[in-house]
Amino acid sequence: MAARHSVFLLMDRPPARVARAACAALGLALAGLGSAAAEEESPQPIRPEVERRPINLAAIDTEDFELGVFFGVLSIEDFGSNLVYGARLAYHVSERLFVEAALGRSKGDKTSYERLSGSAELLSDSDRELTYYNLSLGFNLLPGEAFPLKGWAFNSQLYLIAGAGSTRFAGDDAFTVNFGAGYRFLATDWLALHLDVRDHMFDVDLLGENKLTHNLELTAGLTVFF
Amino acid sequence: MFRKSFFLVGLLLWLALALLAACPHARAAETVRVADPYIELRTGPGVGYPIFYVIDKGEPVTVLKRRTDWFKVRAPGGQEGWVHHQQLARTLDDDGQTVAIPEPGIGDYSQRRWEMGVLGGDFSGARLISVYLGYAFSDNLSLELSLGHAVGSHSGNSLGNVNLTHRPFPDWRVQPFALIGVGILHTTPSTTLIRSEDRTDTTLQAGLGLQAYLSRRFLIRAEYRNHVVQMSGDDNEEIDQWQLGIAFFF
């Protein structure tokens, strides 16, 4: 009866006290590693109740977020291909689905017209700066493994991604739709290399006429899961 | 640049809070025992990855980390692989009790403290993207901060709002809500129009919405807001805002 009673007492304790007891148990276990053999030889008549340790899977490290940087080339329609760089944050909802927020920055070059005419500048230098952000939904279409060398295997995923956001270019914000595909190569469980191809579509009305532009982007990136 | 940086700061703030929420308070490894005849270890966290090892009944399994529905575990022989949570749910702890795996459900909604979401829609004819963060200080009432960016053909708008949201039936799967709030509205005319100055106005707003619980920690949210923009002149302007999006709570 007394034993039953002590079990109930343990279960009735507030979580903080149980957690403290668990920590104490862990500390004791570590401290006791060296002297474990000695204890076996002289078993104590009373088992200390702090040895009992509740399983708490909620405390297991959950790694559903992925944060990283990328750089590459963005082809801005009529304004040449230029360096693009930025940052991405993704949240993995399930093994298939993830949502991603991205920020990117690039700069437009001179158009062919500006080069040939040699005089007229369509945009000021600051208006050539391009910044974009977007929120996208990704789908891991082809999960798999890559085998670069004998005895080496790495997890990988080929994903499709699409979303919406805004691009600031030529002094205006433009609603932007993006879609593309990417390859995620997991060097370890928490470190991934990315290769991405995206099309950013937005309207430009630089000459008073609305025109839908396709702006292709090729990037390489590095992300960490946490 | 003001409206851009305004929105970016908002976005980053939202992301930072998402990170904070995601960080576990304690990082631990737990050991459980297999109760099924065996459990299967896969090379990656997904059903597409091959099974390369099985751990027999009664063997100890060390649980290392989690990604979505998958747990990374270590077998007694040192092999590490990924196990689906449904298999891990059929393991036992030191007392021989089935291990409880915390799976969020609809019942957790009324227990939530934080809620955040991404919505898209229409703001007086312009295309709107917004993010919001809510803090529930009672079952029915929560305080929400939302930041939005609308891109139209004649002007761009940045919005920042603080509102009080009331949910009369927090336990319903599909539930209505009502909100009132205040905010600021920054307007930048398009550069192809005649150059006019940027404007910042204060707004009062009231709105109604509907949200539906999807699964795990996810919601669908649809809402309508009516803004009364207090212009610098005598006239007030009214703006309709419609939005639809997804949200999650924790």
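None of the values given here were measured: they were computed from a predicted structure. (Residues numbered from 1 in each chain as written. Chains lettered and ligands numbered in written order. Predicted model: local features only at pLDDT ≥ 70, side-chain atom pairs only at ≥ 80, totals over all residues.)

Draft legend 1. Expanded view of the overall build of chain B. For chain B, the helix and strand inventory stands at 2 helices and 15 strands. Put simply, chain B has 250 residues, and 32% of those count as buried. Of the contacts formed within chain B by residues at least 6 apart in sequence, a portion of 49% connects residues at least 24 apart. (Helix = DSSP H or I, 4+ residues; strand = E, 2+ residues; numbered from the N terminus. Buried ≥ 20, exposed ≤ 12 C-beta atoms within 10 Å, placed from the backbone. Contact = placed C-beta atoms within 7 Å.)

Draft legend 2. Broad picture of the overall build of chain A. For chain A, the count of helices and strands is 4 helices and 9 strands. Ordered by position from N to C terminus, the α and β elements of chain A give α-α-α-β-β-β-β-α-β-β-β-β-β. Relative to its full complement of 226 residues, chain A shows a buried share of 29%. Look at the contacts in chain A between residues 6 or more apart in sequence, and 55% of them connect residues 24 or more apart.

Draft legend 3. Geometry of the sheet that holds strand β4 (residues 97-107) of chain A. All names here are of chain A. The strand order around the closed barrel formed by 8 strands is β2-β3-β4-β5-β6-β7-β8-β9, and the pairing between neighbours is antiparallel. The average angle at which neighbouring strand axes cross in this sheet is 25 degrees, direction not considered. The pairing of strand β6 (residues 154-169) with strand β7 (residues 172-186) spans 15 bridges and is classified as antiparallel. From the neighbouring strand, T167 faces β7, where its bridge partner is A174. (Pairing = 2+ DSSP bridges. Axes fitted to C-alpha atoms, helices over the stretch in contact; angles between N-to-C directions.)

Draft legend 4. Representation of the pairing of strand β6 (residues 80-84) of chain B in the model. Residue and element names in this part refer to chain B. Summarising the sheet, strand β5 (residues 70-74) and β6 pair through 5 bridges and their orientation is antiparallel. Bridge pairing in β6 links K72 to W82. Remark: 5 residues form the turn of the hairpin made by β5 and β6, two consecutive strands paired antiparallel; G78 in that turn has positive phi of roughly 95 degrees.

Draft legend 5. Just the sheet that holds strand β12 (residues 174-189) of chain B, in detail. All names here are of chain B. In space, the 8 strands of this closed barrel follow the order β8-β9-β10-β11-β12-β13-β14-β15, with antiparallel pairing throughout. The sheet shows a mean angle of 25 degrees between the axes of neighbouring strands, direction not considered. One ladder, built from 14 bridges, connects β12 with strand β13 (residues 199-213); its direction is antiparallel. The partner of T187 across the bridge, within β13, is R199.

Draft legend 6. Up close: the confidence of the model for chain A. Of all residues in chain A, 74% have pLDDT values of 70 or greater, and the mean over the chain is 79. The low-confidence segment residues 1-18 of chain A (pLDDT under 50) makes 5 contacts with residues lying over four places distant or belonging to another chain. (pLDDT = per-residue confidence, 0-100.)

Draft legend 7. Looking closely at the domain arrangement of chain B. As assigned here, chain B comprises domain 1 (30-92) and domain 2 (107-249). For domain 1 of chain B and domain 2 of chain B, the distance between their C-alpha centroids amounts to 43 Å. (Domains from an automatic or database assignment.)

Draft legend 8. Representation of the pairing of strand β3 (residues 81-92) of chain A within the structure. Residue and element names in this part refer to chain A. Sheet analysis places strand β2 (residues 65-75) next to β3, joined by 11 bridges and oriented antiparallel. Bridged to F71 within β3 is Y85. Connecting β2 to the antiparallel partner β3 that follows it, the hairpin turn spans 5 residues, and D78 within it adopts a positive phi of roughly 75 degrees. Of the pairings in the sheet, the one linking β3 to β4 comprises 8 bridges and is antiparallel in character. Within β4, the residue paired with R88 across the bridge is A102. Between β3 and the antiparallel strand that follows it, β4, lie 4 residues.

Draft legend 9. Just the nonpolar core, in detail. Judged by nonpolar contacts, the single largest core of 27 residues is most densely connected at A174 and V204 of chain A together with A126, L128, A150 and V151 of chain B. For this core, the elements supplying multiple residues, two or more each, are β2, β3, β4, β5 (129-146), β7 and β8 (191-204) of chain A together with β9 (126-136) and β10 (141-151) of chain B. When residues no more than four places from it in sequence are discounted, the contact partners of V204 of chain A are A170, A174, K211 and T213 of chain A. Of all hydrophobic cores here, the second largest spans 15 residues; its members include L147, L159, L185 and Y213 of chain B. (Core = buried A, V, L, I, M, F, W, Y, C linked by C-beta atoms within 7 Å.)

Draft legend 10. Structural detail: the environment of S94 of chain A. Here S94 of chain A lies in the loop between β3 and β4. Sequence separation between S94 of chain A and R168 of chain A is 74 residues, and the spatial gap between their C-alpha atoms is 32 Å. Setting aside chain neighbours within four positions, we find S94 of chain A in contact with T68 and D69 of chain B.

Draft legend 11. The arrangement of the environment of S124 of chain B in detail. All names here are of chain B. You can see S124 is positioned in the loop between β8 (114-123) and β9. Considered as a pair, S124 and G152 are 28 residues apart in the sequence and their alpha carbons are 8.7 Å apart. Among residues more than four places away in sequence, those in contact with S124 are I239 and D240.

Draft legend 12. Expanded view of the confidence of the model for chain B. Residues and elements named next belong to chain B. Counting all residues, the mean pLDDT for chain B is 83, and 84% of those residues have values of 70 or more. Within chain B, helix α1 (residues 2-22) has the poorest average pLDDT of any element, 58, and β10 the best, 93. Interface confidence for the predicted complex, expressed as ipTM, amounts to 0.72; the pTM equals 0.73.

Draft legend 13. Fine view of the environment of P76 of chain B. Residue and element names in this part refer to chain B. Relative to the helices and strands, P76 is located in the loop between β5 and β6. When the 12 C-beta atoms within 10 Å are taken as the criterion, P76 is described as exposed. Between the alpha carbons of P76 and N140 there is a distance of 49 Å; along the sequence they are 64 residues apart. Contact partners of P76, with chain neighbours within four places excluded, come to E59 and P60.

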